[in-house]
Amino acid sequence: MCGITGWISYDKDLTAERGTLDAMTQTMSCRGPDAAGVWLDSHAAFGHRRLAVIDIEGGKQPMLVERDGRTLLATTYSGEVYNYRELKAELEGLGHAFRTSSDTEVVLHAYLEWGESFTERLNGMYAFALWDPRTEELLLVRDRMGIKPLYYYPTPDGVLFGSEPKAILAHPSVRPTVDAEGLSELIAFTKTPGHAIYKGMREVRPGHTVRVRRGQLTVNRYWALESSEHTDDLDTTVHTVRELLDDIVTRQLIADVPLCTLLSGGLDSSAITALAAQGLGKAGAGPVRSFAVDFTGYTENFQADDLRPTPDGPYAHALAEHVRSDHADITLDTADLMSRAHRGAVLTARDFPIGFGDGDTSLYLLFKAIREHSTVALSGESADEVFGGYRWFHDPEAVNADTFPWIAAGVASSFAGGKSRNPGREGLLDRSLLAKLDLAGYEHQRYREALAEVPHLDGETGLQRRMREISYLHLTRFVQILLDRKDRASMAVGLEVRVPFCDHRLVQYVFNTPWAMKTFDGREKSLLRAAVRDVLPDAVADRVKSPYPSTQDPRYALALRDELKQVTADKNSPVQPLLDTGVVADALADPTGAVNRAGTELVLGLDTWLRGYGVELEL
């Protein structure tokens, strides 16, 4: 995987700026614990922190292509190109010579051979920068689905970039300023492509490139979801989905380090684990290693609700036994989730408090424990967005709402234990601040922008037209929230998480499959269930969807309430001016601490963020 950063300045000699580049690179050490490297040219400076996964010895970066003592191309690269072996063979046939076995070098030569169109040939998750000293041009590239993050900050004479905002914020010319739009983006449950929260900073959009020349910055799209008529019948469609999944998982098992799967016992993670077990078995490399998260006493004291009807543990164990995986449960205690240090580590990984409360903390702790055994993990993330798995896909009220369906369905509560009596994350904030931000108006504007992008088929009407829109919204907006969450939590501990369901071939194929076919058996994710049923036990294949687990221990909400009391009692707390004192008083008076758990988590996160990052609010 890795963390990357860099600085392009056409008016400076960057060979004299080693100290600044080192500081920017050091912020990426969590993403790359294995090695560090920098490269300085007159107008370009690249930094790299490496998590070694493929070609441990030969894949060091930044990497150059040189000829006759002259640098033709330089890169700082993060990610994996899963079809690099095929591309390498093709390039060797065209006369290219390679000195390493890494996918990074293949990317360099692919650009030299095919120019900017080389992006169309890449299959994988990646974010990287290419510098051409011959033309003094920079190219920033991000994968089609936005699995790997990449931010940039235009300057008067060039650009700064990094895998995460913290790399850019380490530059002395950048201030961590957030205006009203940035704060709205943070609080609202949206993910606007290109938006980076911090003023002046941008995110490279998925499927896009950013080219920087002297005095010019241009953004180009190289991939987007397209609508096309689906002509396959049901049996052919199910068969095609399975063929794609077999190929995708096989490709993503390639690694020169220990590999595992994330197993919840749900359909998505079970499918990936079962296919991985099958792929490793065929290669004579099994068994697959699998890990699941659990909380102390969670399964024994589980209380079903409309969101989580069953605990994960029994189903994860059933799947592990079925495929004979080398399985382990990672059991977390409530004290681990309540720890300020752990929640602070999550915020530092995210660079702003935009997450799912204890769900983020538990994910971070899960990955931290897994990293002691494995360097790469395969995840079932994004299957719900691809195949239509969330409950609001099947809720007419949410589907027909004039906003993002997950907002209409109250997703903030769904990912905070489903028990908040006031599900709005903004519930503890000052009314005048909320009036100024106009979150409903902000969400509506972003919703309309997203809706205008949807590629419809001619003559498409009714439910099929609307479900294409719902699918598009999830594949371009909601999935970005979850991919970013998973990337930050995993890379904070140096774990590479791969997401097979985000392979663009699968995404594009299922996007064009009619909604009636996606729900042909009257349930969610009909196509996926049919495609993988033969490798799953019936209990797992037929399990009703249950979201990522959230602690049900009442001590957690009480600990949050007590911490909120401390924050509000601190006259120097930077978050105090943003709060509604009356509503906060009601929350503090609640004996359970559960009046607004999601809102309390947001306020505590804002306080830590404003203090730790020295954020300047321009409201």
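Residues numbered from 1 in each chain as written. Predicted model: local features only at pLDDT ≥ 70, side-chain atom pairs only at ≥ 80, totals over all residues. Heavy atoms only, no water.

Caption draft 1: Representation of the pairing of strand 7 (residues 137-142) within the structure. In terms of residue burial, strand 7 counts as a mostly covered element, since six of its six residues are buried. Covered by surrounding structure in strand 7 are E137, L139 and V141 together with L138, L140 and R142, the residues of both alternating faces. Pairing geometry for strand 6 (residues 124-132) and strand 7, over six bridges, is antiparallel. Its bridge partner being in strand 7, A129 is matched across the sheet by L140. Taken together, strand 6 and the strand that follows it, strand 7, pair antiparallel across an intervening segment of four residues, in which E136 is found at a positive phi of about 55°. As defined by bridge partners, strand 7 adjoins strand 12 (residues 208-213) across four bridges and the pair is classed as antiparallel. Bridge assignment links L138 to a residue of strand 12, and that residue is V212. (Buried < 20%, exposed > 50% of the residue type's maximum accessible area, 1.4 Å probe, protein only. Helix = DSSP H or I, 4+ residues; strand = E, 2+ residues; numbered from the N terminus. Pairing = 2+ DSSP bridges.)

Caption draft 2: Structural view of the sheet that holds strand 4 (residues 63-67). Across the sheet, which stays open at both edges, the six strands sit in the order 4-5-6-7-12-13 with antiparallel pairing between neighbours. Only two strands of the sheet have a single partner each, and these edge strands are strand 4 and strand 13 (216-221). The sheet shows a mean angle of 15° between the axes of neighbouring strands, taken without regard to direction. Relative to strand 5 (residues 70-81), helix 3 (residues 103-114) is tilted by about 125°, and along the sheet it contacts strand 4, strand 5, strand 6, strand 7 and strand 12. (Axes fitted to C-alpha atoms, helices over the stretch in contact; angles between N-to-C directions. Contact = heavy atoms within 4.5 Å.)

Caption draft 3: Highlighting the pairing of strand 12. Burial of strand 12 is extensive: five of the six residues sit out of reach of the surface. Alignment of strand 12 against strand 13, held across six bridges, turns out to be antiparallel. Of the residues in strand 13, the one forming a bridge with V210 is V219.

Caption draft 4: Unusual backbone geometry, seen in detail. Cis rather than trans, the peptide bond between Q61 and P62 has omega equal to -5°. Within the fold, P62 resides in the loop between strand 3 (44-50) and strand 4. Following G286, the chain continues to P287 via a peptide bond in cis, the omega torsion being 0°. Within the element layout of this structure, P287 appears in the loop between helix 7 (267-282) and strand 15 (289-295). Although it is not a glycine, D68 adopts a positive phi angle of roughly 55°. Considering the arrangement of structural elements, one finds D68 in the loop between strand 4 and strand 5. Accessibility expressed as a relative area gives 79% for D68, which makes it exposed. Unusually for a residue other than glycine, K525 sits at a positive phi of about 55°. Along the chain, K525 turns up in the loop between helix 20 (515-518) and helix 21 (526-532). Residue K525 is classed as buried on the basis of its relative accessible area of 3%.

Coordinates in, geometry out; function isn't part of it.
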